[in-house]
Amino acid sequence: MNRFLIPGVALAVALAGPASAGSYFRDLAPAASTPVGGIVHANGTVERGRGFAVELENSGYYKITFDKGVFPTGCAAVVVNGEVQGPVLSSSVAVNCHNLAPLVVQVHLYDPRDDRMVEAKFQFVAVGV
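Residues numbered from 1 in each chain as written. Predicted model: local features only at pLDDT ≥ 70, side-chain atom pairs only at ≥ 80, totals over all residues. Heavy atoms only, no water.

Trainee: What am I meant to see in the overall build of the protein here?
Mentor: On a plain count of helices and strands, the protein comes out with one helix and nine strands. Helices and strands in the protein line up, N terminus first, as α-β-β-β-β-β-β-β-β-β. The buried share of the protein, reckoned over its 129 residues, is 26%. Accessible area for the protein stands at about 8,300 Å²; split by element, carbon and sulfur atoms hold 59% of it. (Helix = DSSP H or I, 4+ residues; strand = E, 2+ residues; numbered from the N terminus. Buried < 20%, exposed > 50% of the residue type's maximum accessible area, 1.4 Å probe, protein only. Areas by Shrake-Rupley, 256 points an atom, 1.4 Å probe, with all protein chains shown as cover.)

Written out as structure tokens, the structure is:
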């Protein structure tokens, strides 16, 4: 048996193994996108964050529009937390996922004691899915 056969096979496996495994696993799960987050004042102005714009549409109704290309899939999972000023605020989030335009997220803040919509400072984090 040739004394170079075993080291040659080991070298071939060492060089080709990671490349083939990398191409195999690359197709199993999408790459995670960079999270985007921000702090928004009650009037809809952005205190911190970038890659998005916020519009106060009506009392307690906010529209967050992310810059084109921030989420390549056109969809994200979003978490919102209203600032506590007295009663704990409740929030609901509607995410409109599509690939045709930038991602738009509707945020609704309300007082759970009487379901009244309220303007309040809030923060959010969005991660592409």
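Trainee: Looking at this model, I keep getting lost on the packing of aromatic side chains. Mind explaining?
Mentor: The description of an aromatic ring pair uses the distance of the two centres, along with the angle that the planes make with each other. Scanning the entire structure with this criterion turns up five aromatic pairs. Consider the rings of Phe 52 and Phe 66, whose centres lie 6.2 Å apart with planes at 55 degrees: the pair is tilted. Remark: Phe 66 occurs in strand E4 (residues 61-66) and Phe 52 occurs in strand E3 (residues 52-58); sequence separation between them is 14 residues. Classification of Phe 52 as buried rests on a relative accessible area of 10%. On the basis of an interplanar angle of 75 degrees and a centroid distance of 6.0 Å, the ring pair of Phe 66 and Phe 124 is categorised as edge-to-face. (Phe/Tyr/Trp six-rings, centres within 6.5 Å; stacked < 30°, edge-to-face > 60°.)

Trainee: Explain the sheet that holds strand E5 (residues 76-82) here, please?
Mentor: The pairing of strands in a sheet happens through backbone hydrogen bonds and is either parallel or antiparallel. Taken together, four strands build an open sheet; the order of strands is E2-E1-E9-E5 and the sheet is antiparallel. In this open sheet, the two edge strands, each paired with only one partner strand, are strand E2 (46-48) and E5. Each adjacent strand pair in this sheet contributes to an overall mean axis angle of 30 degrees, direction not counted. One ladder, built from two bridges, connects strand E1 (residues 36-40) with E2; its direction is antiparallel. Across the sheet, the residue bridging to Ile 39 is Arg 48, located in E2. (Pairing = 2+ DSSP bridges. Axes fitted to C-alpha atoms, helices over the stretch in contact; angles between N-to-C directions.)

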